[in-house]
Amino acid sequence: MRFHILTLFPDMVRQGLETSIIGNAIQNGILELDLVDIRDYTADRHKKVDDYPYGGGAGMVMQAQPVYDAWRAVNASGKGRPRCIYLTPQGRRFDQSMAKELAGEEDLILLCGHYEGIDERVLEEIVTDQVSIGDYVLTGGELPAMVLVDAVSRMIPGVLTNDASGSSESLEGGLLEYPQYSRPAEWMGRKVPQVLLSGDHQKIENWRREQSVLRTLRHRPDLLDEADLSYRDVKLILDHASETKDHTS
Ligand code: 6GU
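Here's a quick rundown of the structure. (Residues numbered from 1 in each chain as written. Predicted model: local features only at pLDDT ≥ 70, side-chain atom pairs only at ≥ 80, totals over all residues. Heavy atoms only, no water.)

This next bit is on unusual backbone geometry. Here the amide bond leading from arginine 183 into proline 184 is cis, since omega sits at 5°, within 30 degrees of zero. Inspection of the secondary structure puts proline 184 in the loop between α7 (165-168) and β8 (186-187). Of note in this structure, serine 20 is not a glycine but carries a positive phi near 55°. Among the structural elements, serine 20 can be located in helix α2 (residues 20-27). Backbone geometry at lysine 47 places phi at a positive 65°, although glycine is not the residue there. Looking at where lysine 47 falls in the secondary structure, it is placed in the loop between β2 (32-37) and β3 (50-51). (Helix = DSSP H or I, 4+ residues; strand = E, 2+ residues; numbered from the N terminus.)

Looking now at the site of the ligand. Contacts to the ligand come from Leu87, Thr88, Pro89, Val131, Ser132, Ile133, Gly134, Tyr136, Leu138, Gly140 and Pro144. At 3.4 Å from a nitrogen atom of the ligand is found a side-chain nitrogen or oxygen belonging to serine 132. A distance of 2.5 Å separates a nitrogen atom of the ligand from a polar atom in the backbone of tyrosine 136. For the shell around the ligand, the secondary-structure elements that each account for two or more residues are β5 (83-93) and β7 (129-132). The element that contributes the greatest number of residues to the shell around the ligand is β5, accounting for 3 residues. When its residues are assigned to classes, the shell around the ligand shows 7 nonpolar, 4 polar and no charged. (Near = heavy atom within 4 Å. Polar contact = N/O pair within 3.5 Å; in protein donor to acceptor, adjacent residues only side chain to side chain. Nonpolar A, V, L, I, M, F, W, Y, C, P; charged D, E, K, R; others polar.)

What follows deals with the pairing of strand β6 (residues 107-112). Most of β6 is tucked away: 6 of the 6 residues are buried. Neither face of β6 is exposed, since Asp107, Ile109 and Leu111 on one face and Leu108, Leu110 and Cys112 on the opposite face are all buried. Inspection of the sheet shows strand β1 (residues 2-7) paired to β6 by 5 bridges, in the parallel sense. Of the residues in β6, the one forming a bridge with histidine 4 is isoleucine 109. The pairing of β5 with β6 spans 5 bridges and is classified as parallel. What sits directly across from tyrosine 86, in β6, is leucine 111. Considered for its hand, the β-α-β crossover made up of β5, helix α4 (residues 96-102) and β6 is right-handed. (Buried < 20%, exposed > 50% of the residue type's maximum accessible area, 1.4 Å probe, protein only. Pairing = 2+ DSSP bridges. Right-handed = clockwise from strand over helix to strand, strands pointing away.)

What follows is about the pattern of salt bridges. In the structure shown here, the tally under the stated rule is 14 salt bridges. For lysine 48, the salt bridge is made with aspartate 51, and the minimal N-O distance between the two is 3.3 Å. The exposure class assigned to lysine 48 is partly exposed, which follows from its relative accessible area of 31%. Where lysine 191 meets glutamate 186, a salt bridge forms, and the shortest distance between an N and an O atom there is 3.8 Å. (Salt bridge = Lys/Arg side-chain N within 4 Å of Asp/Glu carboxyl O.)

To continue, consider the side chain of aspartate 129. Position of aspartate 129 relative to the elements: it lies in strand β7. Only 2.9 Å separates the side chain of aspartate 129 from the side chain of arginine 83, close enough to count as a polar contact.

Right, let's get into the packing of aromatic side chains. Each aromatic ring pair is described using two quantities: the centre-to-centre distance and the angle formed by the ring planes. Applying the stated criterion to the full structure yields 1 aromatic pair. Centroid distance tyrosine 68 to tryptophan 71: 5.6 Å. Interplanar angle 25°. Geometry classified as stacked. Of this pair, tyrosine 68 and tryptophan 71 both sit in helix α3 (residues 64-76), separated by 3 residues, roughly a single helical turn. (Phe/Tyr/Trp six-rings, centres within 6.5 Å; stacked < 30°, edge-to-face > 60°.)

So, about the sheet that holds β6. Taking strand neighbours across the sheet as the criterion, the 5 strands line up as β2-β1-β6-β5-β7 in an open arrangement whose pairing is parallel. Unpaired on one side and paired on the other, β2 and β7 mark the two borders of the sheet. Here the average twist between neighbouring strands, direction ignored, is 30°. Together, β1 and β2 form the strand contacts of helix α1 (residues 10-17), whose direction differs from that of β2 by roughly 160°. In this fold α3 packs onto β1, β2, β5 and β6, with an angle of close to 165° to the strand it touches most, β1. (Axes fitted to C-alpha atoms, helices over the stretch in contact; angles between N-to-C directions. Contact = heavy atoms within 4.5 Å.)

As far as function goes, none of this settles anything; it's purely spatial.
Structure, rendered in structure tokens:
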């Protein structure tokens, strides 16, 4: 999969993504990062890419021309017209299902704004999707683009070396992850739950499922509406529902 990232700060995005798991996937050719510096496409002889907002107000607005020409250069370099995602707090809220859906694309263009935003006319011309990573405001779209690349990439076969972990982790099936432990079996007087040392795989699986359900009940009960729950899960929730109410009331 190829991510074409249009930004005024390509080094920031490169630094953020060329380490660890995503960095390895780039090295292995499973992922390609095409960092496009919008400033390279300015027609202004002083390399200016922003200007004052019409109508007044604080800050600067990224001008249409360099953004449009950077986008055209990406389109000219490949076949077809990839989806173009503008990272903005006004977009649709990013979640795991969106990550999974986007992982099916061959090419994606991510457009990062900075300052007070981008001239609306070029957005109307090139953007197919607007995405937000949550209800808070950041100074630019670079961090959100990195978040999106990371979440989408780990859904692509081969990016995680342990192939099962892409689906068994938090939020798959709509539940939070169960707790994990490693050696030693006792640390600062705290013991690893006995069941995990039992070697009984069925019991371990049941225990982990229960932990996932109970954690979700305690920390993110809103997720339970959409979760894939078995009869046993529902029974567990009902057995613990009163204790949860005590915490919240
Ligand atoms: Cl996508 N951009 C900015 N600037 N701030 C955000 C965001 C995006 N998502 C949440 N906050």
